[in-house]
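The residues making up each chain are set out below.
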Amino acid sequence: MNKILILGGGVAGSSLAYYLKLKNYDITIVDLNKQAGGLARTCYYAGHPYEFGPHIWFWPGGIEDPINNTIYKLSNHKLLYIDRKLNSFIEGDRCRYKYPIHYSDIENMPEKEKIYKEFMQNRGENKKLIEEQLPIIGTCTFKDYFTSAIGDILYNKFMSNYTHKMWNIPGAELQTSMVWADRFKHAYSKDEQGNKGIKGYDPIKFEEHTLGKGIKFQIYPEEGWNVIWNKMTEGCNYIQDEVVKIFDENKDAYVLLKGGDKHFFKDYKYVINTIDVDKLWGENDLPYTGRMMIPLLLPDLNYAFPEGIESLHYSGAEFQTRVTEMKTITKYESKDTLILIEVPVLPGSEVSFPANTIEYAKENNLFYDRAYPQQSKEAFAKFDAYVEKGRAIKNLIHCGRHAEFKYWGMPETVNSAYQLSENL
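Residues numbered from 1 in each chain as written. Predicted model: local features only at pLDDT ≥ 70, side-chain atom pairs only at ≥ 80, totals over all residues. Heavy atoms only, no water.

Glancing now at unusual backbone geometry. The peptide bond linking Gly 53 to Pro 54 adopts the cis configuration, its omega dihedral lying at 0°. Following the sequence through the fold, Pro 54 ends up in the loop between β4 (48–50) and β5 (57–59). Phi at His 77 is positive, roughly 65°, even though this residue is not glycine. Relative to the assigned elements, His 77 resides in the loop between α2 (66–74) and β6 (79–81). Backbone geometry at Phe 405 places phi at a positive 55°, although glycine is not the residue there. (Helix = DSSP H or I, 4+ residues; strand = E, 2+ residues; numbered from the N terminus.)

Here's what the structure looks like:
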């Protein structure tokens, strides 16, 4: 039997389809959208391309890396190499600073003397972090690590409110295994108990630094992301429908679709789930934060941000988390510019918006009410219980950001699919 059923046609599902096709599997994909790619598909507003994100690919290694090579090949080698310049706006200072935080910017901050003092609390004379005085990323909360690394004032100025509104969970509860350790596995080390984590990561930059500096393969496809997802799912049986839930967790288990079709596990070599694991069981128990992306066309303005800045982070308690100028990424030629305003929303909050605008937003990839998992210890425990519940079904496998309850970008998600395909 070489048939595989993939639940979800987003980044994980599309990537799995591609890698498993190379091994001659017969692939069926079930997804509620008309086309593959999920939140990473490219849409257009007034001719300007954009994604829910936006989606810039950055992954260590060059073109020779297997997952980088996948994107290189499927994009027809048409890639834009990106130098990501980001800023933060601090309302209390009425000032725009570089992001990540630059040491040189402290001199311009009103509390600079106190900041310098706090900054050195866990650093040596050369300003280098003293690792043994720091919590281990992956085994502590977001607040614990970053207040130790940069001090309370900088943490509160740049991170506290931003983190809370980004994830709808305070930094004192947010686990760093979500935000950092899972995205930087190449830097893993272990503590004395053998727990995996990262030691000595410094969020402060002492020289000119753009996001992703030093990563060779930081790109955006010239033709947008749809060309990638379409090629990945080409030749697959694509069913546009929604998963209702799994029934009868035994040898006769099946997946029921909203349209009424039943897919029995026994008819497939593997059923690979890439959707939210609680929804797979017809439940809505895991905590998430959603997003609203508001596209705003600024007519007759070539660029809104100076100096090639891509995004401006709003680090206070404003509604928005960031504003991104898409032309800086896509290189789209126009006398106008398009900015995307990212606003966190809570699941179910579409009732707060006019119905026609939500219909438009969902159709054009601007609204998602379960975008990012809120990973506290309690949430991890709930997730583990769902995974355990599915162990009775021997050919059920979970893969991807939502199914594995991770804060992953595209590369981490594609890599998860690649690694799984290598082992099947």
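Moving on, we come to helix α1 (residues 11–21). Among the 11 residues of α1, 10 are classified as buried, and the element is accordingly described as predominantly covered. For α1, the set of buried residues is Val 11, Ala 12, Gly 13, Ser 14, Ser 15, Leu 16, Ala 17, Tyr 18, Tyr 19 and Leu 20. Buried positions along α1 lie against β1 (3–7), β2 (26–31), α2, α7 (226–233), β16 (270–273) and α12 (410–423). (Buried < 20%, exposed > 50% of the residue type's maximum accessible area, 1.4 Å probe, protein only. Contact = heavy atoms within 4.5 Å.)

Let's shift gears to helix α5 (residues 152–167). The axis of α5 is deflected most strongly, by about 40°, at Met 159. Burial in α5 covers these residues: Ile 153, Leu 154, Tyr 155, Lys 157, Phe 158, Met 159, Tyr 162, Thr 163, Lys 165, Met 166 and Trp 167. Trailing α5 by a residue or two, Asn 168 shows a phi angle of about 55°, which is positive. (Bend = angle between axes of the 7 residues up to and from the residue.)

An order of β8-β7-β18-β19-β20-β17-β21 is seen for the 7 strands of this open sheet, with the pairing classed as mixed. Pairing within the sheet leaves two strands with one partner each, and these edge strands are β8 (95–99) and β21 (367–373). The sheet shows a mean angle of 30° between the axes of neighbouring strands, taken without regard to direction. By the bridge criterion, 9 bridges tie strand β17 (residues 288–298) to strand β20 (residues 337–345) in an arrangement that is antiparallel. (Pairing = 2+ DSSP bridges. Axes fitted to C-alpha atoms, helices over the stretch in contact; angles between N-to-C directions.)

On to the packing of helix α3 (residues 112–119) against α5. Running from N to C, α3 and α5 point in directions that differ by 110°, and their axes come no closer than 7 Å. Comparing the axis directions of α3 and α5 gives the class roughly perpendicular. Residues Lys 114, Ile 115, Glu 118 and Phe 119 of α3 pack against Asp 152, Ile 153, Leu 154 and Lys 157 of α5. For the contact of α3 with α5, the class distribution of residues is 4 nonpolar, no polar and 4 charged. (Parallel < 35°, antiparallel > 145°, perpendicular 65-115°, else oblique. Nonpolar A, V, L, I, M, F, W, Y, C, P; charged D, E, K, R; others polar.)

This part takes up the side chain of Thr 163. Counting through the fold element by element, Thr 163 comes out in helix α5. Taking relative accessible area as the criterion, Thr 163 reaches 4% and is therefore assigned buried. At a separation of 2.7 Å, a polar atom in the side chain of Thr 163 contacts the main-chain carbonyl oxygen of Met 159. Non-local contacts of Thr 163, meaning those with residues more than four positions away in its chain, are made with Phe 142, Asn 168, Ile 169, Gly 171 and Leu 174. (Polar contact = N/O pair within 3.5 Å; in protein donor to acceptor, adjacent residues only side chain to side chain.)

Turning our eyes to something else, we now look at the packing of aromatic side chains. This model, assessed by the stated rule, comprises 23 aromatic pairs. Between Tyr 103 and Phe 119 the ring centres are 5.3 Å apart and the planes differ by 45°, which places this aromatic pair in the tilted class. Here the residue Tyr 103 occupies a position in the loop between β8 and α3, and Phe 119 occupies one in helix α3, the gap between them amounting to 16 residues. Residue Tyr 103 is classed as partly exposed on the basis of its relative accessible area, which comes to 21%. You can call Phe 119 buried: its relative accessible area is 1%. Look at Phe 380 and Phe 405: their rings are 6.5 Å apart centre to centre, the planes differ by 85°, and that puts the pair in the edge-to-face class. (Phe/Tyr/Trp six-rings, centres within 6.5 Å; stacked < 30°, edge-to-face > 60°.)

The values are spatial; any link to function lies outside them.
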